[in-house]
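Chain residues, written in single-letter form:
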Amino acid sequence: MSIIDTPTLIKTIEFREIGDERGWLVALEGNINIPFTMQRVYYIYGTQSHIRRGLHAHHAVHQIAVCLAGECKFLLDDGKNKNTILLNSRGLGLVIDPMIWHEMYEFSSDCILMVLASDYYDEADYIRNYAEFLRLANGK
Ligand code: TYD
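I will try to describe carefully the structure that is included in this document.

What counts and how
- Residues numbered from 1 in each chain as written.
- Predicted model: local features only at pLDDT ≥ 70, side-chain atom pairs only at ≥ 80, totals over all residues.
- Heavy atoms only, no water.
- Pairing = 2+ DSSP bridges.
- Helix = DSSP H or I, 4+ residues; strand = E, 2+ residues; numbered from the N terminus.
- Disulfide = S-S within 2.5 Å.
- Buried < 20%, exposed > 50% of the residue type's maximum accessible area, 1.4 Å probe, protein only.
- 1 Å grid on protein atoms, 1.4 Å probe; cavity = no way out; pocket = protein on both sides within 12 Å on 5 of 7 lines; lining within 4 Å.
- Points joined across faces, edges and corners; volume = space filled by probe spheres on them.
- Nonpolar A, V, L, I, M, F, W, Y, C, P; charged D, E, K, R; others polar.

Details of the sheet that holds strand β13 (residues 126-127)
Phase 1: The strand order across the open sheet built from five strands is β9-β8-β11-β6-β13, with neighbouring strands paired in antiparallel fashion. The two strands at the open ends of the sheet, each matched to only one other strand, are β9 (82-87) and β13.
Phase 2: Strand direction decides the pairing type here: strand β8 (residues 72-77) and strand β11 (residues 101-105), joined by five bridges, are antiparallel. Directly across from Asp77, in β11, lies its bridge partner Trp101.

See the structure below:
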């Protein structure tokens, strides 16, 4: 597993893209090239380009986002710094750690965004209020 840790908040994982004359295949395996055991997979599609989604952070859940078709942008925010990335590669996973506020926007009409999560859906794990997120992230 090669996690590319840039000086920014953007952490990505490059997946091995297995190609031959028939096309491409990427395999995602818990605790091998995904740094946790996946308990849940969800995917987002049919989002209009003017819509922003996400707008929350998690207390404990770890996630990896992979754009399976089209493209969208991500904003990541740790309460001090913000960084953005365009996700448009089938071979790249974006790491969304706990306590990272994230927003997705500028979805292409064909965007299919898949997210792997380390735990089941639990609304109690969400921080959906930005002021509350800033307070927790900055230890106040
Ligand atoms: P929401 O958190 O608003 O999605 P996004 O982060 O993309 O803006 O979730 C939309 C709805 O789907 C909301 O009612 C909660 C529900 N949901 C589940 O039932 N299971 C899940 O795994 C997720 C991520 C959301």
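Notes on the state of the cysteines
Phase 1: Enumeration over the complete set of coordinates arrives at zero disulfides.
Phase 2: The closest cysteine sulfur to the non-disulfide-bonded Cys67 is located on Cys111, 3.9 Å from its own sulfur.
Phase 3: According to the relative accessible area criterion, Cys67 is buried, its value standing at 0%.
Phase 4: Looking at Cys72, it has no disulfide partner, and the nearest cysteine sulfur is the one in Cys111, 4.2 Å off.

Section: the layout of surface pockets
Here the idea is plain: a probe the size of a water molecule rolls over the atoms and shows the empty space left.
Phase 1: What the largest pocket holds in volume is close to 200 Å³.
Phase 2: Along the walls of the largest pocket sit 15 residues, with Tyr42, Ile44, His56, Met104 and Tyr126 positioned nearest its centre.
Phase 3: For the lining of the largest pocket, the per-class residue count stands at eight nonpolar, four polar and three charged.

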